[in-house]
Amino acid sequence: MFTRKKSLWLFLLPGLAGLMLFYVVPFFGGIYFSMTDGTIHNQFIWFANYQRVWANEVFLLGLKNSLELSLLCAPSIFVLSFLLAVMLRSLAEKSLPFRNVLLMPYLVPSAALLVVWTLLFDFGGVVNRLVVAMGGQRVLWLESGMLRVPIVLLYIWKNVGFSVVIFSAALQAVPVEYYEFARLEGAGVIRQETRITLPLILPTAFVVFVLAWVNAFKIFKEVYFIGGAYPHDTVYTLQHFMNNQFAKLDYQLVTTAAYSFAVIVFVLFGAMYLGKGVRSSAN
Amino acid sequence: MQISASHRKKRHFRLGRGVSYALLTLVSAVVLLPLVLTFLYSFFPVSEMNAYLKTRGNYDESRWMDVLLSPSIVSLRQYYSLLIEKPVYLQLFANSVLYTAAILLGQALVIPSLAYALSRFKFPGRDMLFFFVLMLMVLPFQVTMAPSVLTMRALGLMNTPWAVILPMIFSPFYVFLIRQFMVGIPSEMVEAGMMDGAGTVRSFFHVILPISRPIVGAAAALSFADCWNMVEQPLIYLSNFREKMPLSVMFNQLSLDESGVAFAGAALYILPSLLIYSYFQEDILLGVQLSDMK
């Protein structure tokens, strides 16, 4: 660890300046901005903009959809990636090709997938063939409320691999002896995973969950590609609201909406972080 | 008694592996299917693809879309049309390349050194600064976007490519990723260098950076994916500047207008990311494994 070195500034300054200029300063400056009225008089109006945003039905719709979509995506990715990581571990070194395949979509641009996706989920497409083959009724995937399904699946398809990688890394750090001992004691596979694996990888699981959730909040691309700038009510996200208000040049409303959302995010993660702290100090 | 019990356990274990193998094969097939189809369909003749895509959106319960698996004739016509006949695609592709290159270059200059400062130096306010980085990482784009538009307007950068490039260079996530790796490097390795008279700069370039290669590679690949796939930033920062949009934003529009060549467009668009991926995949696996993800 270096202390009191002048060269610190050499390494710190470029990045710090950028972070300050593009993130930190505007973040605090924006708080003031969100409390002004945006006219030439630039009056300070306290929380009037916030009242305006929270009374705005489109904002509430976008917020609700973004939260709901993220609650569909993040837990699915969390559970799925844990299961996949456990399966990968059981194959030891033979799992490498599977790992590579699972992570591949993370790098693939989702725009390029759109055409294939609309083919697969077409009313006469492969997915509906499967549904009918399993005895179901054809579904209008690309319209109305069902649009959420292809969007969430595209999101999971693309993002599950990264969580698998993080989980796999954590699983490899769990000593094999623990499982051998548990097996001698007569613990089954499910008991082993819930009683040994889960508690030991809890900190990593927390990171996976936070990252998955944070990223799922941002879900927009997938909706924008499939549904456009004004999609169906069930998939109209917060980002749609921001973009459309932005196009109307209502910067105050955009900024205020942003901070309203920031407060929600901070409260959620603050609560999760505290919960995590309490749990790990109890152990 | 004991032998048979352990025998049963072993068989159980092997059964578990078999199930894992089967399930993972299935999942991998599902994951690969859209990519394989994209590349396969890119070799279909334009007219055949056009006709096929016209059968979409048909609500007649008695009819299915065909499952096309082999073209009437293998054709490079789609690629020819995109690369030679219509310059729009290549223009947008070039835009994407420029954005991605500029952002990655900027990140290479800024992010490893910032991570180094945050991990190997002790200075007042360091923990505070790292906390800010964490907070910024957790904040969704919708939140950081609005205030940074204010900065962009103040600097007169709105509707210029710089508005897209500059904020992405200082992406907090990659600072976090690389910092977590550098924190874990044993200090003996740095101290050995200092014994030989290496200062902070020398230890950065000759000790820390070489050791951090996997995570830097991983960050580069992941950041490439971000840039190559970005939609929100250009939509906001370049709203009035259509011809400077990257392919990621315009691809949708393009494939609606020219659906017969959409698959070749998609295949060409996916190809660089697959190349980057195959080059960096070990780094991603190793880098994340060695980082302290807590």
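These figures come from a predicted structure and were not determined experimentally. (Residues numbered from 1 in each chain as written. Chains lettered and ligands numbered in written order. Predicted model: local features only at pLDDT ≥ 70, side-chain atom pairs only at ≥ 80, totals over all residues. Heavy atoms only, no water.)

Draft legend 1. Quick look at the pattern of salt bridges. Applying the stated criterion across every chain yields a total of eight salt bridges over all chains. In this structure, A:Lys221 engages B:Glu232 in a salt bridge whose closest nitrogen and oxygen atoms are separated by 3.7 Å. Separated into two different chains, A:Lys221 in helix H11 (residues 221–227) and B:Glu232 in helix H12 (residues 232–237) make up a pair that spans both. When its relative accessible area of 17% is taken as the criterion, A:Lys221 is described as buried. (Salt bridge = Lys/Arg side-chain N within 4 Å of Asp/Glu carboxyl O. Helix = DSSP H or I, 4+ residues; strand = E, 2+ residues; numbered from the N terminus. Buried < 20%, exposed > 50% of the residue type's maximum accessible area, 1.4 Å probe, protein only.)

Draft legend 2. Structural context of the domain arrangement of chain B. All names here are of chain B. When the domains of chain B are assigned, the result is domain 1 (2–41) and domain 2 (82–290). Centre-to-centre separation of domain 1 and domain 2, based on C-alpha positions: 35 Å. Of the roughly 480 Å² buried between domain 1 and domain 2, counting both surfaces, carbon and sulfur atoms make up 91%. When residues of domain 1 are sorted by the area they lose upon contact with domain 2, Thr38, Phe39 and Tyr41 head the list and together hold 85% of the total. Applying the counting rule to domain 1 against domain 2 returns zero salt bridges. Our enumeration of links across domain 1 and domain 2 arrives at zero residue pairs in polar contact (both at pLDDT 80 or more). (Domains from an automatic or database assignment. Buried area = accessible area lost by both parts, 1.4 Å probe. Polar contact = N/O pair within 3.5 Å; in protein donor to acceptor, adjacent residues only side chain to side chain.)

Draft legend 3. Unusual backbone geometry, seen in detail. Residues other than glycine seldom take positive phi values, yet A:Trp46 does so here, at roughly 50°. Tracing the chain through its elements places A:Trp46 in the loop between helix H1 (8–33) and helix H2 (48–54). We classify A:Trp46 as exposed; its relative accessible area is 54%. For B:Asn159, which is not glycine, the phi dihedral falls at a positive 60°. Mapped onto the secondary structure, B:Asn159 falls in the loop between helix H6 (141–155) and helix H7 (161–169). With a relative accessible area of 21%, B:Asn159 lands in the partly exposed category.

Draft legend 4. Looking closely at the interface of chain B and chain A. Between chain B and chain A, the contact holds 113 residues from the first and 102 residues from the second. Buried area between chain B and chain A, both sides added, is near 9,900 Å², and the carbon and sulfur share of it is 76%. A per-residue breakdown of the area chain B buries against chain A is headed by B:Trp64, B:Gln142 and B:Tyr277, which together make up 8% of the total. Connecting chain B to chain A are one salt bridge. Linking chain B with chain A are eleven residue pairs in polar contact (both at pLDDT 80 or more). With 20 residues, the single largest contributor to the side of chain B that touches chain A is helix H1 (residues 2–41) of chain B. When grouped by side-chain class, the residues that make up the side of chain B that touches chain A number 76 nonpolar, 24 polar and 13 charged. Sheet topology places strand S1 (residues 2–3) of chain A next to strand S1 (residues 121–122) of chain B; two bridges connect them, and they run parallel. (Contact = heavy atoms within 4.5 Å. Nonpolar A, V, L, I, M, F, W, Y, C, P; charged D, E, K, R; others polar. Pairing = 2+ DSSP bridges.)

Draft legend 5. Local environment of helix H13 (residues 247–257) of chain B. Burial runs high along H13(B): eight of the eleven residues are buried. Among the residues making up H13(B), those that are buried are B:Leu247, B:Ser248, B:Val249, B:Met250, B:Phe251, B:Asn252, B:Leu254 and B:Ser255. Here the buried face of H13(B) lies against helix H5 (110–120) and H11 of chain A together with helix H4 (87–120), helix H11 (213–228), H12 and helix H14 (262–290) of chain B.

Draft legend 6. Layout of the packing of aromatic side chains. Residue and element names in this part refer to chain B. All told, the structure shown has 44 aromatic pairs over all chains when counted by the stated rule. Plain terms: the ring middles of Phe43 and Tyr79 are 5.6 Å apart, the flat faces sit at 40° to each other, and that makes the pair tilted. On the criterion of sequence distance, the pair formed by Phe43 in the loop between H1 and helix H2 (46–54) and Tyr79 in helix H3 (residues 77–85) is long-range, its members being 36 residues apart. Accessibility expressed as a relative area gives 31% for Phe43, which makes it partly exposed. Plain terms: the ring middles of Phe224 and Trp228 are 5.4 Å apart, the flat faces sit at 20° to each other, and that makes the pair stacked. (Phe/Tyr/Trp six-rings, centres within 6.5 Å; stacked < 30°, edge-to-face > 60°.)

Draft legend 7. Region of the structure containing the nonpolar core. Counting residues in each nonpolar core, the largest one holds 201 residues, and the members touching the most others are A:Phe269, B:Tyr41, B:Tyr89 and B:Tyr237. Broken down by element, the residue count for this core peaks at 14 residues, all from helix H7 (residues 148–172) of chain A. Both domain 1 (2–41) and domain 2 (82–290) of chain B contribute no fewer than three residues apiece to this core. In contact with B:Tyr89, not counting residues within four places along its chain, are B:Leu82, B:Leu247, B:Phe251, B:Leu254, B:Gly265, B:Leu268 and B:Tyr269. (Core = buried A, V, L, I, M, F, W, Y, C linked by side-chain atoms within 4.5 Å.)

Draft legend 8. Here's a closer look at the environment of A:Leu198. Residue and element names in this part refer to chain A. On the secondary structure map, Leu198 appears in helix H9 (residues 189–200). Assessed through its relative accessible area of 31%, Leu198 is described here as partly exposed. Expressed as a C-alpha distance, the spacing of Leu198 and Leu102, which sit 96 residues apart in the sequence, is 22 Å. Residue contacts for Leu198: discarding those within four places in its chain leaves Phe82 and Glu193.

Draft legend 9. Region of the structure containing the side chain of B:Ser148. As for its position among the elements, B:Ser148 is in helix H6. For B:Ser148, a relative accessible area of 3% translates into the label buried. A polar side-chain atom of B:Ser148 sits 2.7 Å from a polar atom in the side chain of B:Tyr237. Among residues more than four places away in sequence, those in contact with B:Ser148 are A:Phe22, A:Pro26 and B:Tyr237.

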